[in-house]
Amino acid sequence: HLPDDVRDDVIDAFNDPRRLRLMGSGTIAAGDTIRADVAALEGPLVLAGYIAGDLLVVNGGLRLLPGAAGDGLP
């Protein structure tokens, strides 16, 4: 379990109306650029393109393919 303050931060970030939200499995293809913060719920998310923003994955996985990049990736 997450501490309450961390859980609340994740919920707030996921529900931010400026964030692109993906439910279930999804793919950001090679050559695609997403110019927004992205949240994925119950993934997996496959990333081969570029995210010009932060990425939040909740209860899912992240698969980075060659060429995947993003401002908010570790």
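Note that the coordinates shown come from a computational prediction; the quantities given were computed from them, not determined experimentally.

Colleague: Report on the side chain of R19, specifying residues and quantitative values.
Modeller: Relative to the helices and strands, R19 is located in the loop between α1 (4–15) and β1 (20–23). Side-chain polar atoms of R19 contact the backbone oxygen of A13, separated by 2.7 Å. Within the structure, R19 has its side chain in polar contact with the backbone oxygen of V38 (distance 3.3 Å). In this structure R19 touches A13, F14, D37, V38, A39, D54 and L56, once residues within four positions along its chain are discounted.

Colleague: Give a description of the sheet that holds strand β6 (residues 50–51) that names residues and reports values.
Modeller: Here we have three strands laid out as an open sheet, ordered β3-β6-β9, and parallel in their pairing. At either margin of the open sheet sits one strand with a lone partner, and together these are β3 (33–34) and β9 (69–70). Where β6 meets β9, two bridges bridge the pair, whose relative direction is parallel. Residue pairing for β9: Y50 is matched across the bridge by A69.

Calculation notes
Residues numbered from 1 in each chain as written. Predicted model: local features only at pLDDT ≥ 70, side-chain atom pairs only at ≥ 80, totals over all residues. Heavy atoms only, no water. Helix = DSSP H or I, 4+ residues; strand = E, 2+ residues; numbered from the N terminus. Polar contact = N/O pair within 3.5 Å; in protein donor to acceptor, adjacent residues only side chain to side chain. Contact = heavy atoms within 4.5 Å. Pairing = 2+ DSSP bridges.

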